[in-house]
Amino acid sequence: MKVITIGYPRIGLYRELKKSVERFWKGNTSQEELLKVSHNVFLEGLNDQANAKVDLIGIGSHSLYDHVLDWTVRLGLIPKRFVGIEDSLKRYFAMARGVPDIGALDMTKWFDTNYHNLTPEIDAECLANADSLSDWSNFLSLLKDASKIIGKDRVGAEVLGPFTLAKKAELSGVSVPDVVRGILPVYLKLFSDIKALGVAEIQIHEPIFVLEDLHTPEFKALAIEIYTQLASAGVPLNLVSYFDDLGSAFPWVCRLPGVTAVSLDFTRGNTLALLKEYGFPEGVRLGAGVVDGRSVWGDQRTALPLLNAIKAVVPSTVEISVQPSCSLLHIPIDVTIETAALELLASGSQKVPLRFARQKLVDLREFAAQFESPNNKKDTKIANLADSAEEIDEKHLHRELPFAKRRPLQLTELNGILLPTSTIGSFPQTKEMRRVRLKYRKKQVSEKDYFRAVDDYISYCIGLQEGIGLDVLVHGEPERSDMIEYFAEQMTGYLFTTNGWVQSYGSRYIRVPIIYGDVTRRDNKPMTTREFKVAQSKTSRPVKGMLTGPVTLLNWSFPRKDISRKAQAFQLGKAIRGEIADLETAGCRIIQVDEPALREGLPLRVSRRAEYLDWAVRAFRLATAIAKSETHIVTHFCYSEFGDILDGIKAMDADQITIENSRSGSAMLKEFVSYGLVPDFSPGIYDVHSSVVPPLELFKSRLLDIKNSGLPIERFWVVPDCGLKTRGWPEVIGALRNLVFATEQIRKKL
Ligand code: GLN
Ligand code: ZN
């Protein structure tokens with residue numbers, strides 16, 4: 001049984017690539033030095049895989065920034081505004097990050113992962129020029145280098161497929177069929193160059209095939225048309241899909257012309273059931289993605305039963321290879337350097353081991369050996385994930401009174417104030433604050449001194465907000481480095497890594513907290529009341545309590561693999577529920593529970609969304625329904641495609657919904673208003689991602705949008721789009737002054 005990989009981390013064990021890229025941007029390192037570091041990181045990944053005796057190694061997704069950008073550039077799909085930039089590396093980074101007067105490509109989420117790719121922009125002209133601008137020499141040299149080291153028969157050339165490219169792109173004046181047909185000749189040239197190198201196969205990545213949009217007769221016909229052409233290049237094609245199953249497209253995708261192998265994700269969706277239903281073509285290799293490329297937990301409980309179950313249903317002549325479910329890009333590189341985390345786990349009764357990319361490679365080999373071993377017990381039972389140990393009590397999910405009855409009891413001192421003003425939570429994270437927080441962590445600063453620094457910051461924030469004239473104040477979140485980590489560190493069941501970095505986009509990597517056990521507040525101790533009390537003691541205006549919601553805490557962590565995500569969401573919901581009760585006891589009357597990641601957890605496949613939204617909303621309600629009728633519960637969402645989750649948002653039964661809005665003009669506002677949401681509503685009034693202080697006029701026109709929205713003005717609040725932690729004080733002061741001033745002027749006219 002062959003072990004095959006389809007992508008590997010490309011950031012370096014100690015973030016070597018990030019450091020070098022950022023030095024290069026600052027002008028502190030040469031292009032030559034950057035490329036050398038990058039190449040070493042590539043070689044390190046190659047060695048990892050070669051040493052683990054991977055039979056066929058996917059090569060080519062190594063990248064200085066983003067693999068989708070790489071393919072956009074290689075295929076020559078350069079938007080007009082970048083064509084004039086001669087130097088290819090300068091142009092590449094300009095497309096990624098923009099340069100003065102030339103905006104970067106947009107960034108979007110890579111399917112339902114926390115990775116973000118750049119969005120190709122394609123119009124007719126771009127398509128027409130692709131051939132002449134295309135240049136994949138850097139890709140060919142990766143393949144050549146790898147071939148020299150491991151032999152060309154072990155090299156699979158990873159190529160982003162035309163359908164995924166076209167569907168992920170922003171198209172203007174051209175359709176997806178136009179793009180795939182238009183770019184086909186360029187792909188054919190590329191394929192013929194790859195063929196000349198004599199590598200084993202092309203791994204053509206088409207994760208887009210898991211989406212329903214492509215499960216239509218039209219797309220089927222188009223895919224057959226395009227793949228018939230691609231097949232003519234005469235290179236074996238490994239059609240790689242992941243992040244879900246292929247649904248009703250399963251039978252035809254597995255039989256696309258030229259496809260000699262199909263790589264399927266057996267860790268998400270229900271690929272096994274499809275395999276049973278539709279069978280599998282003889283003569284095609286089946287890449288069994290049974291090692292979860294998106295989980296840091298080992299697959300010891302499921303991999304072998306899955307392989308056995310697959311074997312039992314495919315024709316005996318079908319070759320099965322064992323693979324990660326997707327690129328290992330989404331997990332950190334090596335767990336053996338995480339001594340603290342490993343020690344913690346060793347003291348528990350963990351049934352599955354913690355596994356990062358290097359360890360997953362070892363497991364792949366091990367599963368292949370077990371599968372072929374005469375001792376293989378042919379176990380095909382795949383253990384179901386346990387749901388909640390304790391059932392959720394339905395009555396814990398409901399506030400005492402419905403919104404219309406409880407709202408008049410809340411924040412009565414604001415009665416008569418139209419368009420109350422507030423903010424979303426964080427204020428600038430200053431260098432000083434960051435430094436003292438770090439020192440406190442390293443125990444170089446006493447708790448007393450640290451608290452004094454935090455409290456000074458809070459006092460300053462409160463004074464400033466009073467001076468500016470905001471109605472509902474926040475403490476500013478100086479004690480939080482991150483909205484997940486801050487809570488996770490105060491709860492049981494979470495572990496942290498020191499070098500467990502995963503690429504989020506470009507040179508931004510994140511260390512995702514890992515849930516390994518039952519989550520509760522440690523010793524049931526409050527996590528946020530101290531800072532709330534400090535803030536509230538400085539002002540007579542209401543101070544907002546500030547919490548991260550259960551669904552976001554879950555979606556921005558690596559979840560456990562032994563109980564369901566739903567069960568984990570409920571545990572988190574219970575913890576936040578306790579915190580809300582404690583904040584109320586501390587005198588808090590308005591509490592914001594941020595759920596910016598609610599949308600992110602939405603399954604790719606529409607048919608699975610209702611189930612997710614159901615438990616996600618229940619987790620939020622479990623957290624918040626404990627609030628007294630007098631307590632005003634706010635929730636906040638960053639920019640999302642809200643259309644798909646409006647029912648969910650409504651069902652959360654919050655008293656106030658704040659959304660990032662200004663990037664969409666007033667489209668979002670309109671969408672929410674036409675949906676008819678009942679509670680208070682705070683469409684973010686200005687973009688916090690820009691360092692420019694928005695002029696008074698902008699605030700006024702946004703306030704007029706609100707006034708003319710058709711929803712009663714009494715329901716609206718005026719807030720920025722999101723937290724202000726990435727901004728500097730002068731901008732924040734300027735913007736909030738304009739926000740308040742514009743609001744006061746509008747109030748006079750109402
Ligand atoms: N309260 C958080 C902050 O202001 C919200 C952040 C977010 O929505 N991502 O920073
Ligand atoms: Zn936000």
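Only a predicted model underlies this, so the values are computations on that prediction, with no experimental measurement involved. (Residues numbered from 1 in each chain as written. Chains lettered and ligands numbered in written order. Predicted model: local features only at pLDDT ≥ 70, side-chain atom pairs only at ≥ 80, totals over all residues. Heavy atoms only, no water.)

## Overview of the overall build of the protein chain
So, point 1. Of regular secondary structure, the protein chain possesses 27 helices and 21 strands.
So, point 2. A compact globule built from 750 residues should have a C-alpha radius of gyration of about 27 Å, and the protein chain, at 27 Å, falls within 12% of that.
So, point 3. In terms of its C-alpha atoms, the protein chain occupies a principal-axis envelope of roughly 75 × 60 × 55 Å.
So, point 4. For the protein chain, with 750 residues in total, the buried portion stands at 59%.
So, point 5. At a minimum sequence separation of 6, the contacts of the protein chain that also span at least 24 residues come to 79%.
So, point 6. Carbon together with sulfur atoms contributes 51% to the accessible area of the protein chain, which is approximately 29,300 Å² in total.
So, point 7. Here the protein chain contributes 94 positive and 93 negative side-chain charges, whose respective centroids are spaced 3 Å apart. (Helix = DSSP H or I, 4+ residues; strand = E, 2+ residues; numbered from the N terminus. Rg over C-alpha atoms; globule rule 2.2 N^0.38 Å. Buried < 20%, exposed > 50% of the residue type's maximum accessible area, 1.4 Å probe, protein only. Contact = heavy atoms within 4.5 Å. Areas by Shrake-Rupley, 256 points an atom, 1.4 Å probe, with all protein chains shown as cover. Lys, Arg positive; Asp, Glu negative; His and termini not counted. Charge placed at Lys NZ, Arg CZ, Asp CG, Glu CD.)

## As for the packing of helix H17 (residues 431-441) against helix H18 (residues 447-468)
So, point 1. Taken N-terminus to C-terminus, the directions of H17 and H18 make an angle of 155 degrees; their axes are 10 Å apart at the nearest point. In terms of orientation, H17 and H18 fall into the roughly antiparallel class. As for the relative orientation of H17 and H18, their crossing is left-handed in sense. Of H18, the residues touching H17 (which contributes Met-433, Val-436, Arg-437 and Tyr-440) are Glu-447, Tyr-450, Ala-453, Val-454 and Tyr-457.
So, point 2. Of the residues belonging to the contact of H17 with H18, the class tally is seven nonpolar, no polar and two charged. (Axes fitted to C-alpha atoms, helices over the stretch in contact; angles between N-to-C directions. Parallel < 35°, antiparallel > 145°, perpendicular 65-115°, else oblique. Left-handed = near helix turned anticlockwise from the far one by under 90°. Nonpolar A, V, L, I, M, F, W, Y, C, P; charged D, E, K, R; others polar.)

## Here we look at the site of ligand 1
So, point 1. If you check the shell around ligand 1, you find Ile-424, Gly-425, Ser-426, Glu-477, Met-483, Met-546, Asp-594, Pro-596, His-636, Cys-638, Cys-722 and Gly-723 and nothing else.
So, point 2. One nitrogen or oxygen atom from the main chain of Ile-424 is found 3.0 Å from a nitrogen atom belonging to ligand 1.
So, point 3. Separating a nitrogen atom of ligand 1 from a side-chain N or O atom of Glu-477 is a distance of 2.9 Å.
So, point 4. Within the complex, the protein chains bury 91% of what would otherwise be the 290 Å² of accessible surface of ligand 1. (Near = heavy atom within 4 Å. Polar contact = N/O pair within 3.5 Å; in protein donor to acceptor, adjacent residues only side chain to side chain.)

## Here's the deal with the sheet that holds strand S6 (residues 155-160)
So, point 1. Ordered by their spatial adjacency, eight strands build an open sheet running S1-S2-S6-S8-S9-S10-S11-S12, and the pairing between neighbours is parallel. Strand pairing shows two members of the sheet lacking a second neighbour, strand S1 (4-5) and strand S12 (320-324), which therefore form its edges.
So, point 2. Judged from the five bridges that link them, strand S10 (residues 259-265) and strand S11 (residues 285-291) form a sheet pairing that is parallel. Looking across to S11, one finds that Val-262 is bridged to Leu-286.
So, point 3. Along the sheet, helix H15 (residues 357-372) contacts S1, S11 and S12; its crossing angle with S12, the most-contacted strand, is approximately 160 degrees. (Pairing = 2+ DSSP bridges.)

## Considering unusual backbone geometry
So, point 1. Positive phi outside glycine occurs at Arg-15, with the angle close to 60 degrees.
So, point 2. With respect to the secondary-structure elements, Arg-15 resides in the loop between S1 and helix H1 (16-25).
So, point 3. Judged by its relative accessible area of 21%, Arg-15 falls in the partly exposed class.
So, point 4. Phi is positive for Asp-653, which is not a glycine, with a value near 60 degrees.

## So, the sheet that holds strand S20 (residues 656-659)
So, point 1. Strand order in this open sheet of five strands is S17-S18-S19-S20-S21, and the pairing throughout is parallel. At either margin of the open sheet sits one strand with a lone partner, and together these are strand S17 (544-548) and strand S21 (680-683). Each strand axis lies, on average, 20 degrees off the axis of its neighbour in the sheet, ignoring direction.
So, point 2. Bridge count for strand S18 (residues 590-594) against strand S19 (residues 632-637) is five bridges, and the pairing is parallel. Each bridged residue has a counterpart across the sheet, and for Ile-591 the counterpart in S19 is Ile-633.
So, point 3. Each of S17, S18 and S19 touches helix H22 (residues 565-585); the most contacted strand, S17, lies at about 170 degrees to it.

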